[in-house]
Amino acid sequence: VGKQPLLLTVITFLPLLSVAALLLLRSDDHVWIRRIALAASVAEFVISLLLLRGFNSGTAAYQFQEYHGWIGATIHYHLGVDGISLFLVLLTTFLTPLAILCSWQSIQENVKGFFIALLVIETAMIGVFVSLDLFLFFVFWELTLIPMYFMIGMWGHGRRIYAAVKFILYTMFGSILMLVAILWLYGNAGTFDLPEIQRLLQSGQIVFPPHTELLLFGAFFLAFAIKVPLFPLHTWLPDAHTEAPTAGSVILAGVMLKLGTYGILRFCVPLFPEAAHRMAPLIAVLAIIGIVYGALVATVQTDLKRLVAYTSVSHLGFVVLGIFAFNSISIQGAIYQMLSHGVSTGALFLGVGMLYDRRHTHEIKEFGGLATPMPVLMSFFLFISLSSLALPPLNGFIGEFLILIGTFAGHHAWAAWAASGAVLSAIYLLWAYQRVALGEITVEKNRGLADASGRERLILATVAVAILFMGIASPLFTRRMEASVDNVIQQISPPQNARRALPPLARPAKKTVSSDTAATRPLVVAIAERRVQR
Amino acid sequence: MFLSAEQHANLQRIAPEIHLCLFGLIIMVADPFVSAARKRVLGWVGFAGTLFALAGVYQASLNRGFAYSHLISNDGFSIFLQLIVIGVAALVILGSLDYLEREGIQRGEYYALILFAVAGMGILGSANELVTAFIGLEMSSISTYVLVGFRRHALISNEASVKYFLLGSFATAFFLYGIAMVYGATGTTVIDKIQPALADASSGGRLPALAILGLGLIFVGLGFKVVIAPFQVYGPDVYQGAPTPVTALLAAAPKAATFALMVRIFVVSFGSASDTWFWAVWVSAILTMFIGNLAALVQTNVKRMLAYSSIAHAGYILVAFAAGTAIGVAAVLFYLAAYVLMKVGAFLVVTHLGQHGEKRLTLQDYAGLGSTQPGLAACFSLFLFSLLGLPATGGFLGKFFAFQAALDASDAHGRWIIWLVVIAAINSVIGAYYYLRVIITMYFSEPSKDYTPTAVAPALIVALVIAAAGTLYLGILPGHVLNLAKAAADSLFLH
């Protein structure tokens, strides 16, 4: 379909190719290792922008598809993007150069290995977003683990080994059951090809008994929920974030958590719609618990990095809630929230990392009154915090607003509870900012701290521009998502009477909300139109 | 020539074994004439023997069919297996050259014994008759009993050898007794003729009890050789005590060959009884995986940990085996190909790092390897990741195809086999912990000060590179080998 037949392959494997270039360099040639890694990642970002040019926002079909035989007759090298994955690819290529820049000085040991790990992660993450073959998807999915494991374990802080092992075992446990489910799906569909499986499901050629569908949904969902992480499965996240080096946290929070929400939206919901509907109330409750719990726990943290880590639990709760509200607006909001959380939380970690570079601590009480010695850095920090707590017209607002309004259309109570998270986020972020930046300098050591360097200003300014741009120009994004999101909505509520005729579901029918329900449609349309006008 | 066409074809069909035995004999004869300082040359002769044997496999593959009136079946299955075991022997010989030098036990018979053992394993893979298989089993077993005790000044090596010999003989007796019972029930020992004989002997769909009992005894005997639960107890002791290159050989080649024989007997002769032996395999697979993985969790000796890991892997192979279908057999073969590469590779790394007298085998001795010997550490990590089953390695696809084959058979075996796959999947996460622990030690800990790493010998480098490249090849472009495995499995079902 795409006009550039190799574009996605190039985008996926360019980082891996630059790893080969890095391998040729001497290990102590730090300058050139950094330069090449940065040049490669910037080039990668520029090339990935080409996706925007050729992208047709009028269709829900996968674009820039590549389809080649790989293993046997059933496993294919099948790539493609649609409105859901397009911006996640761009998010990845946008954050990687920043992660490289922020590691410029702070990584001094085994520099080569560090940048190799970073670039391998980039390839793996992009691979996850663009794979349309379940096998290929799984390969990339697992491939993200190894370099991140090394990144936490080798360049992390105090309890890095504990955090690294916890991270990898948690995620592997989830994904191995997903592998079994993938194989089971293959056993029924005879193919690993995602569009093909979707077609077979849509046309009713494969029908799972409700019990089986629930198990399959569960196996997929567990893998993704651990990655997100959804409320009771989140305990690996604070450790991994806190112990990871700055770049690791940026990538982890910025992109890797989105692998989970992306997976839910791409696989769980469209492939197993009945099970998704049945489980939606439970999952929404967990998401809401995550929103409130994450926010409350973040409020009481004494460690700045851990605080930021818990904000992810809260913010990604919004994403999951938006997806399981099964409403075009809320799902668009969920995708938007993935992007803006990636930028904002990535930026928060960048800021925290800059403080760490100066003081080698994350303890809030070690800071205080930092705005005096570092006005520029702290101004940016405030700006980023405001974006993260969803202040209009910054990026965080759009996502949360769309999620809340979309959810409210069908589930008033869900939206009401979730909205409290938006209030709480103002509390924990502003309070943290107050303790770090405002007031008198409480620790003498902080008096002489240097303000943001040129490199740091470059990083922060780039992020700030992105935050502002995403806040103002959101229709540029949502316009490209719309067709794909509507397609998902359509798959969730297929016009099949067979499905409707199944035994009554676990929840009352009056709560079944989908975009084609007459009552909600006008509201949805109205909101959508208003958004386009803006 | 003086040979008839048939004799000529017969010889060609056992060409690999002939080459192996010839080179073994050459080494034995030449040994007295080679001075002690130059015994290494014999190692190269042995390596040449494996290369010739590989050429022999090619020769045999051009002349498929039965040899020696149905005693030998030279089919795709046997050819696949011979490639595996002979390849293992070649890698092990490359890895032994400098090890024997280091330990001061460089002798000709070591290489000769490897060749004889592998010849026996080749017969295990191609035997179409139970007594012939027994001869192959004995050839490979007796040679390996000696090899295990080859560090004869080390007490642990002697202990391992005796243990292996006593228990091994016992197990062989079980196997032989099983053969006798199967013969009693069916009147034949030819593997592909047992099936019709069984059909005649069964009354009303019930198999004769004698045949089932015989099959059970065969399962015990062969189960011992492939080190599956509940016959695994001796395994770790023997693997730990044997010279490390021999451990590499033991963990890979006899296991592969005996699995092949098991597949041939169970699937070809007793395919109709698969509902019966499914349960034995099912129980054994679960026990094997749990025992292997849980015991490996608590090991501090890397060699012993890898020994337990190879028990766990036998369990994963049993998962594919339990399917009992052509796809299952193909999955077993693919798994074996991937398994031997990563396992031999891992043990060869341990061989090098053991240092004189195999003193450095504990986890602590691997601390900081990532910074002192990055190449070796990277190779070892690759093998460990493959054993763990991470994608882009052969180990992952091995598990993948094994699980796929098992799920594919869920029509026949229902939800039990699905649970088997789920348990196997959970086990592979348990396994992750101990493999990762080695990687943690290599990369995340500081090297100890009082140890200076020694350079890796060129021959060992070649072996490691081959194993690593093979592991990656099977992980990324498995298509070719998978097709071979499928063709090999189909060749069994054509009988």
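Residues numbered from 1 in each chain as written. Chains lettered and ligands numbered in written order. Predicted model: local features only at pLDDT ≥ 70, side-chain atom pairs only at ≥ 80, totals over all residues. Heavy atoms only, no water.

(A) Representation of the layout of surface pockets in the model. In this model, the second largest pocket occupies a volume close to 670 Å³. Lining the second largest pocket we find 23 residues, and of these Leu215 and Leu216 of chain A together with Ile418, Trp419 and Val422 of chain B sit closest to its centre. For the lining of the second largest pocket, the elements supplying multiple residues, two or more each, are α7 (160-189) and α9 (210-227) of chain A together with α19 (415-444) of chain B. In terms of residue count, α9 of chain A provides more of the lining of the second largest pocket than any other element does, nine residues in total. Across the lining of the second largest pocket, the residue classes tally to 18 nonpolar, four polar and one charged. (1 Å grid on protein atoms, 1.4 Å probe; cavity = no way out; pocket = protein on both sides within 12 Å on 5 of 7 lines; lining within 4 Å. Points joined across faces, edges and corners; volume = space filled by probe spheres on them. Helix = DSSP H or I, 4+ residues; strand = E, 2+ residues; numbered from the N terminus. Nonpolar A, V, L, I, M, F, W, Y, C, P; charged D, E, K, R; others polar.)

(B) Looking closely at the side chain of serine 96 of chain B. Examined against the element boundaries, serine 96 of chain B turns out to sit in helix α4 (residues 76-103). Apart from the residues lying within four places of it in its own chain, the contact partners of serine 96 of chain B are Tyr110, Tyr111 and Pro245 of chain B. (Contact = heavy atoms within 4.5 Å.)

(C) Here's a closer look at the packing of helix α3 (residues 40-62) of chain B against α4 of chain B. All names here are of chain B. One can describe the packing of α3 onto α4 by two numbers: an axis separation of 9 Å at closest approach and a directional angle of 170°. One element, α3, and the other, α4, form an angle in the roughly antiparallel class. Two secondary-structure elements touch here, α3 through Arg40, Gly43, Trp44, Gly46, Phe47, Thr50, Ala53, Leu54, Val57, Ala60 and Ser61 and α4 through Ile79, Gln82, Leu83, Ile86, Gly87, Ala89, Ala90, Ile93, Leu94, Leu97, Asp98 and Glu101. (Axes fitted to C-alpha atoms, helices over the stretch in contact; angles between N-to-C directions. Parallel < 35°, antiparallel > 145°, perpendicular 65-115°, else oblique.)

(D) How the structure looks around empty space enclosed by the protein. Enumeration according to the criterion identifies ten cavities of 30 Å³ or more in this entry. Taken as a whole, the largest cavity holds about 80 Å³ of empty space. The wall of the largest cavity is formed by Phe138, Glu142, Met172, Ile176 and Leu179 of chain A together with Leu388, Gly389, Phe396, Lys399, Ser428 and Val429 of chain B. Listed by contribution, the elements that provide at least two residues to the lining of the largest cavity are α5 (134-143) and α7 of chain A together with α17 (394-408) and α19 of chain B. Take the lining of the largest cavity: its biggest share by element is three residues, from α7 of chain A.

(E) How the structure looks around the nonpolar core. Core analysis: the biggest nonpolar cluster contains 396 residues, and Phe324 of chain A together with Ile265 and Phe380 of chain B have the highest contact counts within it. No other element matches helix α14 (residues 326-353) of chain B, which puts 21 residues into this core. (Core = buried A, V, L, I, M, F, W, Y, C linked by side-chain atoms within 4.5 Å. Buried < 20%, exposed > 50% of the residue type's maximum accessible area, 1.4 Å probe, protein only.)

(F) Just the interface of chain A and chain B, in detail. Contact residues are listed per partner, giving 28 residues for chain A and 31 residues for chain B. Of the roughly 2,800 Å² buried between chain A and chain B, counting both surfaces, carbon and sulfur atoms make up 87%. Taken together, the links from chain A to chain B amount to zero salt bridges. Counting across the chain A and chain B interface gives three residue pairs in polar contact (both at pLDDT 80 or more). Going through the elements one at a time, β1 (63-71), α5, α6 (145-155) and α7 of chain A are the ones with two or more residues in the side of chain A that touches chain B. (Buried area = accessible area lost by both parts, 1.4 Å probe. Salt bridge = Lys/Arg side-chain N within 4 Å of Asp/Glu carboxyl O. Polar contact = N/O pair within 3.5 Å; in protein donor to acceptor, adjacent residues only side chain to side chain.)

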